Amino acid sequence: MKTDAAADVAARYERFAQAEAPGRSELYAQWADGVARDVDVQRIIARIAPTHRQPPLVFAVSRLLGAPEQEYAAWAEWLRRHADALIAECGRRSLQTNEPLRCAALLPALAAIDGPLALLEIGASAGLCLYPDRYSYRYTASERGSAVTCLDPPDGASSVTLECDLRGDRLPTLRMPEVVWRAGIDLHPLDAADAADRRFLTTLAWPGEQGRAARIDAALEVAASDPPLLVRGDATDRAVLEAVAEQAPRQATLVITTPGVLPHIPREGRGRLIDAVRSLPARWVTIDPPTLHSEWHPAIDASRCHGFVLGLDGVPLAAVDPLGGFVEWRA
C-alpha cells in the first residue's frame, strides 16, 4: 500500500511525464512515466523532502552522481543502488535553473528603461541573467518572415549568442542596455568559478535540449570573468532586500528583476517580496505565469496568454517563453 508521500510522488511524476517533459526531453518523459508506475522508486523519492523532490531536480542530481542516461530500467536500477546518496544530495540542492536565454525575454523591458542601469536579481543562482549587456542577440520575426535582428555588445560579438523568436503585431524597440552595477540575492548562491557549481548548473539542462548546456557553460565564463555581487539571504525579508538595494550607485536606475522565481516562493513570502519591491525607488521587471498574482494592470486575460508574462512595473508587455525562447509582444 502506498503512503501519502509515495502517492504524491506518483501523481507529480505522472503530471511531469504528460504535460512538462514532452517536446523538451523524451528521456525525462520516459523516466517520469516509469516513476509514476514504480512503487519501489516512488517510496525512495518520497524520502526526499517535498521541496527537493521535483522531477527535474531528482533527475539532474542522479545524472550529477553518475546515473546512466539510458532507458528507465537502467536508471531505476542505479537509483536503487544509490538511494542514500541521491536522497542526501537532493536534500542540499534546489532547482536553480540559471538560463541566460531569459535575457532575450528581459531585453525588451530593459530597453524601455532609461540608463545606466543597476541590476538586482532575486533568485540569482550564479547570476547568469545579470549580464544582458554582455551577450549577443539574434531575434527572428518568424511570423513576418523577417530577417534576423542582431544586437551585440559595444566591443563586438559575444561568446554567448541568444536566439529568440519575436512575435506580435507591433514589435518593440530593441537596444543594448548599459549596465554599471549588478547584484543578486539567493538562498544558496552559486559560484560561476567553482567547478562543482558549474557542473551542477550544466546538469540542470535537460537531455535533448539542443545547445542549452553549452550556452550555460559559455555564460558561466562571462560571469566568472567579472563576478557580480551575490548575497546569501531571503529576499522576502524586506531588510535583506533593502540592504542590497542600498548599495546600488545613485547615478544609475535601479532595476529589480524576478525572472521566473516568484512561482517558487510560497504565497505569503511572494506577497511580502512584491510589496517590498514596489516600495523601493526602483523599476521592476518580471517574468511570471499570468495567474500567479494580481499585480498586473491592466488585468490579463489568461485564456489569451500562451506562456508566461513579461511585465514592467506591473504592466504586461508580452507573452514569453519562461526560458526565453520567444517573445510575443502585446503592449
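This structure is a prediction, so every number in the text was calculated from the model and none was measured.

Novice: So what's going on with the pattern of salt bridges? Which residues, and what values?
Specialist: This structure, assessed with the given rule, holds 25 salt bridges. A salt bridge links Glu209 to Arg24; the nearest nitrogen and oxygen atoms lie 2.6 Å apart. Linking Glu209 in the loop between helix H8 (195-203) and helix H9 (212-225) with Arg24 in the loop between helix H1 (4-20) and helix H2 (26-37), this pair joins segments that are 185 residues apart in sequence. The exposure class assigned to Glu209 is buried, which follows from its relative accessible area of 16%. Residue classification places Arg24 among the partly exposed positions, given a relative accessible area of 30%. Linking Arg80 and Asp38 is a salt bridge whose minimum nitrogen-to-oxygen distance equals 2.8 Å. Within this pair, whereas Arg80 is found in helix H5 (residues 72-81), its partner Asp38 is found in the loop between H2 and helix H3 (39-45), the two being separated by 42 residues in sequence. Look at Asp38 and you get buried, because its relative accessible area is 13%. One network of salt bridges, with partners in common, ties together Arg24, Glu99, Glu209, Arg212 and Arg215.

Novice: Can you tell me about the packing of H2 against helix H4 (residues 55-64), naming the residues and giving the values?
Specialist: At a minimum axis distance of 11 Å, the contact between H2 and H4 shows a crossing angle of 105°. Between H2 and H4, the angle falls in the class roughly perpendicular. Residues Tyr28, Trp31 and Ala32 of H2 form the contact with H4, whose participating residues are Pro56, Phe59, Ala60, Ser62 and Arg63. Classifying every residue of the contact of H2 with H4 by side-chain character gives 6 nonpolar, 1 polar and 1 charged.

Novice: Give a detailed account of the state of the cysteines, specifying residues and quantitative values.
Specialist: One pass over the structure, following the stated rule, counts 0 disulfides. Of the cysteine sulfurs around Cys103, a residue in no disulfide, the closest is that of Cys129, at 4.5 Å.

Novice: So what about the packing of aromatic side chains? Which residues, and what values?
Specialist: Per the stated rule, a full pass over the model turns up 11 aromatic pairs. Seen from their ring centres, Phe59 and Trp75 are 5.3 Å apart, and the 85° between their planes marks the pair as edge-to-face. Separated by 16 residues along the polypeptide, Phe59 in helix H4 and Trp75 in helix H5 bring together distant segments of the chain. Like Phe59, the residue Trp75 is buried in the burial classification. With a centroid separation of 5.9 Å and 45° between ring planes, the pair formed by Tyr72 and Trp75 is classed as tilted. Here the residue Tyr72 and the residue Trp75 both occupy positions in helix H5, the gap between them amounting to 3 residues, near one helical turn. Of the two residues, Tyr72 and Trp75, neither departs from the other in class, the shared state being buried. An aromatic cluster is defined as three or more aromatic residues linked by ring pairs; in this entry it consists of Tyr13, Phe16, Tyr28, Trp31, Phe59, Tyr72, Trp75 and Trp206. Geometry around Trp206 places Arg24 over its ring, the cationic atom sitting 3.6 Å from the centre. Between the NZ or CZ atom of Arg167 and the centre of the ring of Phe326, over which it lies, the distance is 4.2 Å.

Novice: Now, about the sheet that holds strand S4 (residues 161-167): what can you tell me, with residues and values included?
Specialist: In spatial order, the strands read S3-S2-S4-S11-S10-S9-S8-S7-S1-S5-S6; together these 11 strands make up an open sheet with mixed pairing. Every interior strand has two partners, whereas the edge strands, strand S3 (148-151) and strand S6 (229-232), have only one. With strand direction ignored, the average angle separating the axes of adjacent strands in the sheet is 25°.

Novice: Hey, could you go over H9 for me, with residue numbers and the actual values?
Specialist: Count 3.6 residues to each turn of an α-helix, and residues three or four apart come out pointing the same way. Given a rise of 1.5 Å per residue, 14 residues ought to cover 20 Å, and the 20 Å separating the end C-alpha atoms of H9 matches this to within 8%. Those residues of H9 not exposed but buried are Arg212, Arg215, Ile216, Ala218, Ala219, Leu220, Val222 and Ala223. In this fold, the buried residues of H9 make contact with S4 and H8.

Novice: An account of helix H6 (residues 83-92) is needed here, citing residue identities and associated values.
Specialist: Of the positions making up H6, those classed as buried are Ala83, Leu86, Ile87, Glu89 and Cys90. The inward-facing, buried residues of H6 contact H3, H4 and H5.

Novice: Please set out the pairing of strand S8 (residues 283-288) residue by residue, giving values where relevant.
Specialist: In terms of burial, S8 is a largely internal element, 5 of the 6 residues being buried. Relative to S8, strand S7 (residues 253-259) runs parallel, the two sharing 5 bridges. Residue pairing in the sheet places Ile256 in a bridge with Trp284 of S8. For the crossover that starts at S7, traverses helix H11 (residues 267-279) and ends in the parallel S8, the hand is right-handed.

About the cut-offs
- Residues numbered from 1 in each chain as written.
- Predicted model: local features only at pLDDT ≥ 70, side-chain atom pairs only at ≥ 80, totals over all residues.
- Heavy atoms only, no water.
- Salt bridge = Lys/Arg side-chain N within 4 Å of Asp/Glu carboxyl O.
- Helix = DSSP H or I, 4+ residues; strand = E, 2+ residues; numbered from the N terminus.
- Buried < 20%, exposed > 50% of the residue type's maximum accessible area, 1.4 Å probe, protein only.
- Axes fitted to C-alpha atoms, helices over the stretch in contact; angles between N-to-C directions.
- Parallel < 35°, antiparallel > 145°, perpendicular 65-115°, else oblique.
- Contact = heavy atoms within 4.5 Å.
- Nonpolar A, V, L, I, M, F, W, Y, C, P; charged D, E, K, R; others polar.
- Disulfide = S-S within 2.5 Å.
- Phe/Tyr/Trp six-rings, centres within 6.5 Å; stacked < 30°, edge-to-face > 60°.
- Lys NZ or Arg CZ within 6 Å of the ring centre and 35° of its normal.
- Pairing = 2+ DSSP bridges.
- Expected span 1.5 Å × (residues − 1).
- Right-handed = clockwise from strand over helix to strand, strands pointing away.

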